[in-house]
Amino acid sequence: MSDPAELHSNTAVLTRGFDPRLSVGSARPAVFRSSTYVFESPEEAERAFAVVHGHAAAEPNERADLIYSRISHPNAEILEDHLVPLEPGANSALVFNSGMAAIMTAFFTFARSHSSIVYTMPLYGGTTTLIHTFLEPLSVTGIPVPAGDTAAIAEAIAAAEDPCIVLVETPANPTLIMTGIRAAARAAKRHASKPVVMVDNTFLGPVFQHPLKLGADLVLYSATKYLSGFSDLVAGAAISNDPALIERLRSRRSMFGNILQPDECWMLDGRLPTVSLRMNRESKNAQRIAEKLCGRPAIRRVIYPTLFTDPDQARIYKEQCDYPGAIFSLDFHGGKPAAFEFLRHLKIARNAVSLGGVETLACHPRSTTHSGDSKEELDRAGVTDGLVRVSVGIEDWRDLLADFEQALNAVG
Ligand SMILES: *Cc1c(COP(=O)(O)O)cnc(C)c1O
């Protein structure tokens, strides 16, 4: 057989990492719910603790990792082995019990007091709150930079005093403004403090955007969204090309106790082989619908990567993304009343926050997901009163288009 390291991701996700001989020959992984693991001798227990505490190095093929399930457990390890081939350039991964848990653990691993964090604005609301309410009181200065402003990001990084983290979220939610990952990573590498470059890749990864290939150090996910794909579990992941960096995160995760539990690991693991099928279908659906809704009189603007008019945004999209993805936003002339009327009339698409599921969801960000932001922040980020965000699923696109059209007619 060919070297597993050389297999394509769609094959590797089904063939590497899981050994049926360790699960009584079961073709698919079993669930190991045990909280603790039995040693064959006190010497083996002593050795396992020495390895976990870093006092001794594990021999190749030595399994010294299974001690207690807050530290690690077989279903987390199987899932982590299957996440790696999905992220081009990666060699190590960790799973967490939410996307926020992954982001929080990454912050608390690499933040130093009296340092700074440079980040694109807007970020996921929870991430912004985490910076303001946890990092800043610990004397980590937050330096926000408008998403998409390549020159401003490079300048902010160069001017930052002892930056420990550069965090890029691209495309931005819900305006899909894209930030060049390569340019941000280059600026970070030039800084003497060598900040860790993190990318929240929830919207387009792991299928359409590959931050490690563009110079990022750590890719963060809300696995609740596309990786899981059915709006029925909450999970997070951190993936890297630097095992030492992942080891630092792992020791924090052991202390925080925010590893993903065995049942959820097993569920998420079963979803990974179809993530590329689902995302491709969802992206094709979204593109067909977004392009057909363009020019409808009730809508000021359809926000979608293939419809970008700003040349710099179009360039970043072309250089950085394989496909446009499954999120689009509609900006209604009629403001909030029109947006609400549209949502009220949808019959197939459901009015819910979150995204990345096989079912189509729509929401009004300004009054829901982004309602914690100030008016100034919302206006600056382009999150208008008339904006509706849509996450397109795998339904037949013709039915979805008909649903959107009848709801548009109701708006008038
Ligand atoms: C949902 C989301 C998060 C938070 O993830 P949870 O799994 O809900 O904790 C972080 N970043 C982005 C871009 C998200 O969409």
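Residues numbered from 1 in each chain as written. Predicted model: local features only at pLDDT ≥ 70, side-chain atom pairs only at ≥ 80, totals over all residues. Heavy atoms only, no water.

The next thing to look at is the overall build of the protein chain. Counting its regular elements, the protein chain contains 14 helices and 12 strands. The globule rule puts the C-alpha radius of gyration for 412 residues at 22 Å, and the 22 Å found for the protein chain is close to it. On the principal axes, the C-alpha backbone points of the protein chain span a range of 75 × 50 × 35 Å. For the protein chain, with 412 residues in total, the buried portion stands at 52%. At a minimum sequence separation of 6, the contacts of the protein chain that also span at least 24 residues come to 74%. Entry remark: accessible area of the protein chain is about 18,000 Å², with carbon and sulfur atoms responsible for 55%. Positive and negative side-chain charges in the protein chain, numbering 39 and 47 respectively, have mean positions lying 5 Å apart. (Helix = DSSP H or I, 4+ residues; strand = E, 2+ residues; numbered from the N terminus. Rg over C-alpha atoms; globule rule 2.2 N^0.38 Å. Buried < 20%, exposed > 50% of the residue type's maximum accessible area, 1.4 Å probe, protein only. Contact = heavy atoms within 4.5 Å. Areas by Shrake-Rupley, 256 points an atom, 1.4 Å probe, with all protein chains shown as cover. Lys, Arg positive; Asp, Glu negative; His and termini not counted. Charge placed at Lys NZ, Arg CZ, Asp CG, Glu CD.)

Neighbouring the ligand are 13 residues, the closest being M100, D200, S222, T224 and K225. Contact distances for the ligand include 2.8 Å between an oxygen atom and a side-chain N or O atom of S222. Spatially, the ligand is embedded in the second largest pocket. Residue contributions to the shell around the ligand peak at 3 residues, all from helix 4 (residues 99-110). Residue classes in the shell around the ligand are distributed as 5 nonpolar, 5 polar and 3 charged. (Near = heavy atom within 4 Å. Polar contact = N/O pair within 3.5 Å; in protein donor to acceptor, adjacent residues only side chain to side chain. 1 Å grid on protein atoms, 1.4 Å probe; cavity = no way out; pocket = protein on both sides within 12 Å on 5 of 7 lines; lining within 4 Å. Sits in = over half its atoms within 2 Å of the grid points. Nonpolar A, V, L, I, M, F, W, Y, C, P; charged D, E, K, R; others polar.)

Turning our attention to a positive patch on the surface. A cluster of basic residues, R281, K284, R288 and K292, forms a positive patch on the protein surface. Looking at the element boundaries, K284 is found in helix 10 (residues 275-293). (Patch = residues over 30% accessible without salt bridge, like charges linked within 9 Å, V, L, I, M, F, W, Y side chains within 5 Å. Salt bridge = Lys/Arg side-chain N within 4 Å of Asp/Glu carboxyl O.)

Scanning all chains against the criterion turns up 6 aromatic pairs. Residues F108 and F256 carry aromatic rings whose centres are separated by 6.3 Å and whose planes lie at 85 degrees to one another, so their mutual orientation is edge-to-face. Here F108 is found in helix 4, whereas its partner F256 is found in helix 8 (residues 243-256), with 148 residues between them in sequence. Residue F108 is classed as partly exposed on the basis of its relative accessible area, which comes to 28%. We classify F256 as partly exposed; its relative accessible area is 35%. Seen from their ring centres, F332 and F342 are 5.1 Å apart, and the 45 degrees between their planes marks the pair as tilted. With F332 in strand 9 (residues 327-332) and F342 in helix 12 (residues 335-345), this pair connects stretches of sequence that are 10 residues apart. (Phe/Tyr/Trp six-rings, centres within 6.5 Å; stacked < 30°, edge-to-face > 60°.)

Of all 6 residues making up strand 9, 6 are buried, and the element is well covered by its neighbours. Residues I327, S329 and D331 point to one face of strand 9 and F328, L330 and F332 to the other, with burial holding for every one of them. Inspection of the sheet shows strand 8 (residues 299-303) paired to strand 9 by 4 bridges, in the antiparallel sense. Within strand 9, the residue paired with I303 across the bridge is S329. (Pairing = 2+ DSSP bridges.)

Turning our eyes to something else, we now look at unusual backbone geometry. Omega for the bond connecting N173 with P174 falls within 30 degrees of zero, at 0 degrees, which places this linkage in the cis form. With respect to the element layout, P174 can be found in the loop between strand 4 (163-169) and helix 7 (181-190). For the bond from G205 to P206, the omega torsion is -5 degrees, close enough to zero to count as cis. Along the chain, P206 falls in the loop between strand 5 (196-200) and strand 6 (218-222). Of note in this structure, S354 is not a glycine but carries a positive phi near 80 degrees. By secondary structure assignment, the location of S354 is in the loop between strand 10 (350-351) and strand 11 (361-363). Owing to a relative accessible area of 28%, S354 belongs among the partly exposed residues under this scheme.

Taken in spatial order, the 5 strands line up as 8-9-12-11-10 in an open sheet, and their pairing is mixed. Every other strand in the sheet has two partners, leaving strand 8 and strand 10 as the edge strands with one partner each. Against the sheet, helix 12 engages strand 9, strand 10, strand 11 and strand 12 (387-391), with an angle of about 130 degrees to strand 9. (Axes fitted to C-alpha atoms, helices over the stretch in contact; angles between N-to-C directions.)

The subject of this paragraph is the nonpolar core. If you look at the biggest cluster of nonpolar residues, it comprises 71 residues, and the most contacted ones within it are L293, F328, F332 and F404. Shared between two domains, this core holds at least three residues of each, these being domain 1 (4-274) and domain 2 (275-411). Apart from the residues within four sequence positions on either side, F328 is in contact with L176, A286, I289, A290, L293, I303, Y304, V388, R389, V390, V392 and F404. (Core = buried A, V, L, I, M, F, W, Y, C linked by side-chain atoms within 4.5 Å. Domains from an automatic or database assignment.)

With that settled, the discussion passes to empty space enclosed by the protein. Scanning all chains against the criterion turns up 1 cavity of 30 Å³ or more. Around the largest cavity sit P171, L176, M178, F203, L204, P305, P324, G325, A326 and I327, which together line it. Mapping the lining of the largest cavity onto the domain boundaries places at least three of its residues in each of domain 1 (4-274) and domain 2 (275-411). (Points joined across faces, edges and corners; volume = space filled by probe spheres on them.)

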